[in-house]
Amino acid sequence: MTTYQGRIAFLGQGRMGVPMARRLEEAGHRVTVWRRGTGAPVAGAVAGADLVITMLRDPAAVREVLAAALPGLRAGATVVEMSTIGPEAVREVRALLPGSVGLVDAPVLGSVGPAAEGTLTVLAGGLTGPGVDTQGCRAVLATFGTVREAGPLGAGAALKLAVMSALVPAQVLLAETFAYGEAHGVPRAALADALGDTPLGGLAERLRAPAGPTRYALGLAAKDLSLAAWDGASLATAARRRLQEAEAAGLGDRDLTAIAAHLSAGPPVRRGRAVPLNLPTVPATNGMYSHAVRAGDTLYVSGQAALDERGAVVGEGDMTAQAEHVFRCLARILADQGAGFEDVTFVRTYLTDMDLRAEYGAVRRAYITGTPPASTTVEVPRLFMPGLLLEVDLVVALP
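Residues numbered from 1 in each chain as written. Predicted model: local features only at pLDDT ≥ 70, side-chain atom pairs only at ≥ 80, totals over all residues. Heavy atoms only, no water.

The protein chain has the name Rid family hydrolase in an unreviewed UniProt entry, where Nonomuraea indica is given as its organism.

Describe in detail helix H13 (residues 319-336), supporting the description with residues and values.
Here H13 spans 26 Å end to end across 18 residues, near enough to the 26 Å set by a 1.5 Å rise per residue. Burial within H13 is extensive, with 14 of its 18 residues counted as buried. Where H13 begins, the capping side chain belongs to Asp318, and its oxygen is found 3.1 Å from the backbone nitrogen of Thr320. At the C-terminal side of H13, Gly338 shows a positive phi close to 70°. (Helix = DSSP H or I, 4+ residues; strand = E, 2+ residues; numbered from the N terminus. Expected span 1.5 Å × (residues − 1). Buried < 20%, exposed > 50% of the residue type's maximum accessible area, 1.4 Å probe, protein only. Polar contact = N/O pair within 3.5 Å; in protein donor to acceptor, adjacent residues only side chain to side chain.)

How would you sum up the environment of Glu324? Please name residues and give values.
One can find Glu324 in helix H13. Residue Glu324 is classed as partly exposed on the basis of its relative accessible area of 26%. Separated by 96 residues in sequence, Glu324 and Ala228 have C-alpha atoms that sit 27 Å apart. For Glu324, the residues in contact, after removing those within four places along its chain, are Val363 and Tyr367. (Contact = heavy atoms within 4.5 Å.)

Tell me what's going on with the sheet that holds strand E14 (residues 390-397), and back it up with residues and numbers.
Overall, mixed pairing links the 6 strands, which are arranged E9-E10-E11-E14-E12-E13 in an open sheet. The open sheet terminates on both sides in strands that have one partner only, identified here as strand E9 (274-277) and strand E13 (374-379). Along the sheet, successive strands turn relative to each other by an average axial angle of 10°, direction set aside. Along the sheet, helix H14 (residues 357-367) contacts strand E12 (344-351), E13 and E14; its crossing angle with E12, the most-contacted strand, is approximately 155°. (Pairing = 2+ DSSP bridges. Axes fitted to C-alpha atoms, helices over the stretch in contact; angles between N-to-C directions.)

Go over the packing of aromatic side chains, please, and point to the residues and values.
As enumerated under the stated definition, the model contains 4 aromatic pairs in all. For the ring pair Phe327 and Tyr367, a centre distance of 5.3 Å and an interplane angle of 25° mean the geometry is stacked. Of this pair, Phe327 sits in helix H13 while Tyr367 sits in helix H14, and the two are 40 residues apart along the sequence. What makes Tyr367 partly exposed here is its relative accessible area of 23%. Seen from their ring centres, Phe341 and Tyr367 are 5.6 Å apart, and the 65° between their planes marks the pair as edge-to-face. Placement of Phe341 in the loop between H13 and E12 and of Tyr367 in helix H14 is noted, with a sequence separation of 26 residues between them. Phe341 sits in the buried class, given a relative accessible area of 11%. Site record: aromatic cluster; members linked through ring pairs are Phe327, Phe341, Tyr360 and Tyr367. Between the NZ or CZ atom of Arg188 and the centre of the ring of Phe178, over which it lies, the distance is 5.3 Å. (Phe/Tyr/Trp six-rings, centres within 6.5 Å; stacked < 30°, edge-to-face > 60°. Lys NZ or Arg CZ within 6 Å of the ring centre and 35° of its normal.)

Tell me about the packing of helix H3 (residues 59-69) against H13, and please be specific about residues and values.
The contact between H3 and H13 brings their axes to 8 Å, and the two run at 150°. On the basis of their axis angle, the class for H3 and H13 is roughly antiparallel. Residues Pro59, Ala60 and Glu64 of H3 form the contact with H13, whose participating residues are Arg328, Ala331, Arg332 and Ala335. The residue inventory of the contact of H3 with H13, partitioned by class, reads 4 nonpolar, no polar and 3 charged. (Parallel < 35°, antiparallel > 145°, perpendicular 65-115°, else oblique. Nonpolar A, V, L, I, M, F, W, Y, C, P; charged D, E, K, R; others polar.)

Could you give me a rundown of the pairing of E13, with the residues and numbers involved?
With 6 bridges joining them, E12 and E13 adopt parallel strand pairing. Each residue of the ladder has a partner; that of Arg348, found in E13, is Thr376. Crossover handedness for the path E12 to H14 to E13: right-handed. (Right-handed = clockwise from strand over helix to strand, strands pointing away.)

Structure (structure tokens):
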């Protein structure tokens with residue numbers, strides 16, 4: 001295979017991004033890598049790149065990173081979005097990018113091991129779309145494994161979620177099966193052996209013993225099921241609740257197979273209880289509260305303020321900058337639960353200066369479109385840290 005001659009920018013260096021970028025480098029491609037949280041400008045990383053690959057956690061992260069990359073994207077470049085974000089988010093990315101930039105959605109099936117070995121399955125949508133370097137994309141994607149062309153733009157993202165809607169609930173079901181067996185005196189090994197003679201044998205073997213290194217994080221599996229949620233998906237919805245309960249118990253970064261040990265550790269957590277949520281993609285709390293709490297199908301989001309990962313004020317004195325930061329954090333929290341701003345039922349805003357409400361309102365209208373939710377805005381003399389101009393909390397009806 002002829003090595004692709006163009007320049008590649010690879011955005012995202014998480015568990016999957018690191019081995020995938022390394023595969024490209026080992027294949028002789030010219031690659032610039034960029035990692036979130038380093039402070040390096042993403043626009044500089046993509047400047048002059050012919051292909052820009054994104055492998056990020058969720059739709060909010062993809063939108064944020066590509067929005068920041070826009071000044072550096074050259075006309076004629078192709079963005080290859082390889083994260084698991086779903087077809088709706090792919091359409092949002094297409095609307096975000098200029099028409100002179102092509103877009104392919106190409107999420108993958110497989111985990112860290114196949115990523116390192118180049119044996120992933122790439123589900124590609126929009127490979128022959130307008131402005132896309134089709135030949136170059138095919139050559140680069142083949143570096144990661146087998147490429148399946150799914151259809152038009154968004155088809156790859158939809159196919160990925162459809163597959164995960166079967167695979168992830170099946171593993172949760174098997175975890176419950178092991179828990180039932182152990183509760184009735186059936187050793188896990190004996191049940192795994194018996195299941196080995198059924199069509200579920202391969203998955204049962206994966207859950208025989210939880211994986212040590214994380215191949216597919218439990219928290220990401222919960223996120224994927226949230227993205228795939230639809231009204232009739234009763235089994236996937238139940239599996240998502242199980243995973244969210246395990247995530248709230250601190251297992252979000254463990255491999256998905258940890259769900260088996262979690263369910264075997266005791267009686268099932270009763271449904272409808274309050275589940276606190278703390279996201280790694282949002283600056284950490286001070287330990288006195290959680291980013292959000294889910295109670296049934298309602299999400300209560302704590303007041304978000306313009307603080308960075310170190311707890312320092314972002315955009316001091318600049319209402320627009322602080323409001324943008326706050327709404328980006330809110331977007332990540334909503335996306336983690338498979339929701340968006342259209343699901344917000346109530347928004348409450350605290351401003352230290354009501355004369356700045358126009359700047360705040362302009363940012364808010366960019367995120368909350370259509371018919372607005374119920375809302376309260378109040379002026380307060382100060383917030384909990386000097387320099388903060390606003391704080392926003394939400395009540396959300398989860399889809």
